[in-house]
Amino acid sequence: MSSLSNTTTWMVEGNVRVKPKLRLVCFPYAGGGASLYRQWQAAMPQGVQVCAVQLPGRENRIAHPPLARLDEVIPALGRAMEPYCDTPFAFFGHSLGAKIAFELARTLRRDKGLEPRHLLVSGARAPHIPEPSPMHQLSDQAFIDGLRRYSAMPEEVLQNRDLMQLFLPVLRADFSIDETYAFQEEAPLACPITAFGGSEDHEADRQELLAWDDYTTASFACHIFPGDHFFIKTAQKAVVRAVTQIIDPAASPAS
């Protein structure tokens, strides 16, 4: 049974019995939804609530048109975060989700003077490093062929025309968010950053993960887990354990 149940338009909230001391806001990868984090709440330290972002066009928001540019996503997410800013928060994002988390953190700093207690970026190059092989404008078949490099979808799904017609609009929109992103220089964040990577992940290698160090004036760490780009699923227990160890101190009141 899912431990994520209370749902707003943009957030699926974990069940907690008391007011949280810290919210862990989680951002999915391209094509993914809030259900990616449905098991995480049960593993969290007391006082931590998981709030999983649900972008339009998937799961309970499947009837909502997907957004294809980051400058559409970030303002909407900024508004969605307003009710959650009464409590300290940390961000975790995987792949595309890391880029969204990073830009939302910078937007909240500019607009509200707020930053996450910690930014955790997973399976993602540092933001100044562009996508080497853009896909979002390819033909349907070429786009589907490109998806194979991620090993995220079973071959029987990739070959199922009806299923792919359902998935393609969201996937293409999410790839567009990533590939049309134009990085702009700003001052580094003041919160710590931790980067997670997969030992066999060719989408974000160790050097590309270490480059995140330039985006914080606080501490930086990098953890490598066994697996490819989707180590977040295949090494889920180890990933969640590492997340809880990082954010447990962050859930304590600031000194």
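The structure under discussion appears in the preceding block.
Residues numbered from 1 in each chain as written. Predicted model: local features only at pLDDT ≥ 70, side-chain atom pairs only at ≥ 80, totals over all residues. Heavy atoms only, no water.

Next up on the list: the pairing of strand β5 (residues 89-94). β5 sits mainly inside the fold: six of its six residues count as buried. By the alternation rule, side chains of β5 split into Phe89, Phe91 and Gly93 and Ala90, Phe92 and His94, which are all buried. Alignment of strand β3 (residues 22-27) against β5, held across five bridges, turns out to be parallel. By the bridge assignment, Phe27 is partnered in β5 with Gly93. Summarising the sheet, β5 and strand β6 (residues 119-122) pair through four bridges and their orientation is parallel. In the sheet register, Gly93 faces β6, and the bridge partner there is Val121. Following the chain from β5 across helix α2 (residues 96-112) to the adjacent parallel β6, one finds a crossover that is right-handed. (Buried < 20%, exposed > 50% of the residue type's maximum accessible area, 1.4 Å probe, protein only. Helix = DSSP H or I, 4+ residues; strand = E, 2+ residues; numbered from the N terminus. Pairing = 2+ DSSP bridges. Right-handed = clockwise from strand over helix to strand, strands pointing away.)

Here we take up the nonpolar core. If you look at the biggest cluster of nonpolar residues, it comprises 42 residues, and the most contacted ones within it are Phe27, Met81, Phe91, Ile100, Leu119 and Trp212. Put simply, the parts of the chain that give this core at least two residues each are β3, β4 (48-53), α1 (70-81), β5, α2, β6 and β7 (193-198). For this core, the element with the most residues is α2, which contributes eight residues. When neighbours within four sequence positions are excluded, Met81 is seen to be in contact with Met11, Val25, Phe89, Phe91, Leu104 and Leu108. Counting residues in hydrophobic clusters, the runner-up holds 39 residues, among them Val50, Phe92, Ile144 and Ile247. (Core = buried A, V, L, I, M, F, W, Y, C linked by side-chain atoms within 4.5 Å. Contact = heavy atoms within 4.5 Å.)

Attention now moves to the packing of helix α3 (residues 140-147) against helix α5 (residues 161-179). Orientation of α3 relative to α5, taken along the N-to-C sense of each, is 75°, at an axis distance of 11 Å. Here α3 lies roughly perpendicular to α5, going by the angle between them. Contacts between α3 and α5 involve Asp140, Phe143, Ile144 and Leu147 from the former and Met164, Gln165, Leu168, Leu171, Arg172 and Phe175 from the latter. By residue class, the composition of the contact of α3 with α5 is seven nonpolar, one polar and two charged. (Axes fitted to C-alpha atoms, helices over the stretch in contact; angles between N-to-C directions. Parallel < 35°, antiparallel > 145°, perpendicular 65-115°, else oblique. Nonpolar A, V, L, I, M, F, W, Y, C, P; charged D, E, K, R; others polar.)

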